[in-house]
Amino acid sequence: MADLPLPSEAMADARHNMEICNACRYCEGFCAVFPAMQLKREFSDGDLNYLANLCHGCQGCFYACQYAPPHPWGINVPQAFAALRVESYAEHAWPRPMAKLFERNGTAVSLLTALAVALVLLLAGSLQSPDVMLRAHSGPGAFFAVISYQAMVWSASAVFLFALLAMAMSTTAFWRASGGGTITAKALAHALHDSMTLRNLGGGGDGCNYPGEGFSHQRRWLHHAMAYGFLLCFAATSVATLYHHGLGLVAPYDLLSLPVLLGTVGGILMLIGTAGLLWLKVLADPAPAARAVLGGEYAMLILLAGVAKTGLLLLAFRATPAMGWLLALHLGFVLALFLALPYSKFIHGLFRTAALVRSHQER
Ligand code: SF4
Ligand code: SF4
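Computed from a prediction, not measured in an experiment: that's the story for all the values here.

Basis of the calculations
- Residues numbered from 1 in each chain as written.
- Chains lettered and ligands numbered in written order.
- Predicted model: local features only at pLDDT ≥ 70, side-chain atom pairs only at ≥ 80, totals over all residues.
- Heavy atoms only, no water.
- Helix = DSSP H or I, 4+ residues; strand = E, 2+ residues; numbered from the N terminus.
- Rg over C-alpha atoms; globule rule 2.2 N^0.38 Å.
- Salt bridge = Lys/Arg side-chain N within 4 Å of Asp/Glu carboxyl O.
- Buried < 20%, exposed > 50% of the residue type's maximum accessible area, 1.4 Å probe, protein only.
- Patch = residues over 30% accessible without salt bridge, like charges linked within 9 Å, V, L, I, M, F, W, Y side chains within 5 Å.
- Areas by Shrake-Rupley, 256 points an atom, 1.4 Å probe, with all protein chains shown as cover.
- Near = heavy atom within 4 Å.
- Axes fitted to C-alpha atoms, helices over the stretch in contact; angles between N-to-C directions.
- Parallel < 35°, antiparallel > 145°, perpendicular 65-115°, else oblique.
- Left-handed = near helix turned anticlockwise from the far one by under 90°.
- Nonpolar A, V, L, I, M, F, W, Y, C, P; charged D, E, K, R; others polar.
- Expected span 1.5 Å × (residues − 1).
- Contact = heavy atoms within 4.5 Å.
- Phe/Tyr/Trp six-rings, centres within 6.5 Å; stacked < 30°, edge-to-face > 60°.
- Polar contact = N/O pair within 3.5 Å; in protein donor to acceptor, adjacent residues only side chain to side chain.
- Domains from an automatic or database assignment.
- Buried area = accessible area lost by both parts, 1.4 Å probe.

K.L.:
Help me get a handle on the overall build of the protein chain, residues and values and all.
P.N.:
When its secondary structure is counted, the protein chain shows 14 helices and zero strands. Going residue by residue from the N terminus, the α and β elements of the protein chain occur as α-α-α-α-α-α-α-α-α-α-α-α-α-α. Against the 2.2 N^0.38 benchmark of 21 Å for 363 residues, the protein chain shows a C-alpha radius of gyration of 22 Å, consistent with a compact globule. The C-alpha extent of the protein chain, read off along each of the three principal axes, is 70 × 50 × 40 Å.

Have a look at this one:
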């Protein structure tokens, strides 16, 4: 009989934590993880991946735990689950070779960003004359005088569609491997409600223990600002596409037009959310954190902040000679974001929603 593969360090640590928690059960009312854990006597790898993605890292069980370090059992559920979550992203990455990007995710996302930005800047600089790049452009089609509409739309669409496909394949693989069955409409509706409202980060009213032992709602509101800012920016792009193809209106649009208003509010919210979350990360208690995954989390927040900041700068200076290079810079950041979506912390939104669906179904 072939030898079974050894569990990874993160998997073994998560199993050790859950076996002790399942005997103790002191934290059973803290979050959805403990009631889900109590349905099991033994934990398969799929169960542990599911529980790790059901955990939203509120840190409440760490501060409440009588077996946390320096106790010899060293129980640290948020740390064990944070490490295992990243392993679950890598394990289900599509296509498979891309799993490597999760190994040193901070470096991978930073390099991807630098390469995408450099590539777009180089292409813009080499395909356009310096006169076009450094001249002020105005009126409909001003952006496309610098980078053609076809180049902009085809490159962004191709990368975005690939990212959607990769995220769908990864989430489906995670759902199957973690024991999810047929999805019911009711469980899906509850899970989407929990994801959209970040209900669990509310901690039942007091917030969660982040960035330290005290209760706070800061993480929930900043996450909302970042996520809804991102969705508003996406809505701005969708409305602009409708204007272009449906109404024959060509960008740039007036400051009070719908795409510009959506993009401006979205960009400001994204900037507030990402800057605030970065600041909380700097302040956060390192004891319940998994150091190995912090680099990837920082890199993704910085990338999102870069998209928002360059978008707002482009809006502010679009009528000046700086527009050409700012447009190329912004497109570089957007391209990097699309490329990084399936291979970064961003994928947690889908895995966590899938885990919430299973949790609601089991209830
Ligand atoms: S985290 Fe600690 S206190 Fe909470 S259930 Fe687990 S072992 Fe018990
Ligand atoms: S860190 Fe929070 S969400 Fe995660 S298991 Fe502990 S109490 Fe539950």
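Having seen the structure, we can now continue with the description.
K.L.:
I'd like to hear about the pattern of salt bridges, residue by residue, with values.
P.N.:
Note that side chains of opposite charge can pair when their charged atoms are close. Tallied over the entire structure, the rule returns nine salt bridges. Here Asp47 and Arg358 are joined by a salt bridge, their closest N and O atoms 3.2 Å apart. Residue Asp47 is located in helix H3 (residues 45-54), and its partner Arg358 is located in helix H14 (residues 348-362); the two are separated by 311 residues in the primary sequence. Owing to a relative accessible area of 10%, Asp47 belongs among the buried residues under this scheme. Here Arg358 falls in the buried class, since its relative accessible area comes to 7%. Residue Lys281 pairs with Glu297 through a salt bridge whose shortest N-O separation is 2.7 Å. With Lys281 in helix H11 (residues 258-283) and Glu297 in helix H12 (residues 291-316), this residue pair connects regions lying 16 residues apart in the sequence. Taken together, the salt bridges that share partners define one network made up of Lys40, Asp47, Arg358 and Glu362.

K.L.:
Residue-level account of a nonpolar patch on the surface, with values.
P.N.:
A cluster of nonpolar residues, Ile183, Leu188, Leu192, Met196, Tyr228 and Leu231, forms a patch on the protein surface that exposes about 510 Å² of accessible area. Sorting the residues of the nonpolar patch by element identifies helix H9 (185-197) and helix H10 (218-247) as the ones contributing at least two each. A total of three residues in the nonpolar patch trace back to one element, the largest contributor, which is H9. Assignment of secondary structure puts Leu192 in helix H9.

K.L.:
Break down the site of ligand 2 for me, with residues and values.
P.N.:
Around ligand 2 sit Phe30, Cys31, Val33, Phe34, Cys55, His56, Gly57, Cys58, Gln59, Cys61, Val77 and Pro78, and that is every residue in its neighbourhood. Mapped onto the shell around ligand 2, the elements with two or more residues apiece are helix H2 (33-37) and helix H5 (77-91).

K.L.:
Tell me about the packing of H10 against H11, and please be specific about residues and values.
P.N.:
Running from N to C, H10 and H11 cross one another at 155°; their axes reach a closest spacing of 7 Å. As the angle between them shows, H10 and H11 are arranged roughly antiparallel. In the packing of H10 onto H11, the handedness of the crossing is left-handed. Tallied by class, the residues present in the contact of H10 with H11 amount to 20 nonpolar, nine polar and one charged.

K.L.:
Any details on the site of ligand 1? Residues and values, ideally.
P.N.:
Around ligand 1, the neighbouring residues are Cys21, Cys24, Arg25, Tyr26, Cys27, Phe34, Cys61, Cys65, Gln66 and Tyr67. Taken together, the residues of the shell around ligand 1 sort by class into eight nonpolar, one polar and one charged.

K.L.:
Account for helix H1 (residues 9-24), naming residues and giving values.
P.N.:
For H1, spanning 16 residues, the distance from its first C-alpha to its last is 23 Å, which sits close to the expected 22 Å at 1.5 Å a residue. Residues Ala10, Met11, Ala14, Arg15, Asn17, Met18, Ile20, Cys21 and Asn22 constitute the buried set of H1. Lining the buried residues of H1 we find H2, H3 and H5.

K.L.:
I'd like a rundown of the packing of aromatic side chains, residues and numbers included.
P.N.:
Applying the stated criterion across every chain, the model contains eleven aromatic pairs. An angle of 75° between the planes, with centres 5.2 Å apart, marks the rings of Phe62 and Tyr63 as edge-to-face. Here Phe62 matches Tyr63 in class, with each residue buried. Arranged with centres 4.4 Å apart and planes meeting at 10°, the rings of Phe174 and Phe351 form a pair that is stacked.

K.L.:
Hey, could you go over the side chain of Asn209 for me, with residue numbers and the actual values?
P.N.:
Note on placement: Asn209 falls in the loop between H9 and H10. A polar side-chain atom of Asn209 sits 2.6 Å from the main-chain carbonyl oxygen of Glu213. With residues up to four places along the chain from it excluded, the contact list for Asn209 reads Cys58, Gln59, Gly60, Tyr63, Gly214 and Phe215.

K.L.:
Any details on the domain arrangement of the protein chain? Residues and values, ideally.
P.N.:
Splitting the protein chain by domain gives domain 1 (9-91) and domain 2 (96-362). A C-alpha centroid distance of 29 Å is found between domain 1 and domain 2. At the junction of the two partners, domain 1 supplies 28 residues and domain 2 supplies 30 residues. Of the roughly 2500 Å² buried between domain 1 and domain 2, counting both surfaces, carbon and sulfur atoms make up 59%. Of all residues in domain 1, the largest losses of buried area upon contact with domain 2 belong to Tyr50, Tyr63 and Tyr89, amounting jointly to 29% of the total for that side. In this structure, the connection of domain 1 to domain 2 is made through 16 residue pairs in polar contact (both at pLDDT 80 or more). Looking at the side of domain 1 that touches domain 2, the elements with two or more residues in it are H3, helix H4 (60-64) and H5. Of all the elements, H5 adds the most residues to the side of domain 1 that touches domain 2, at nine residues.

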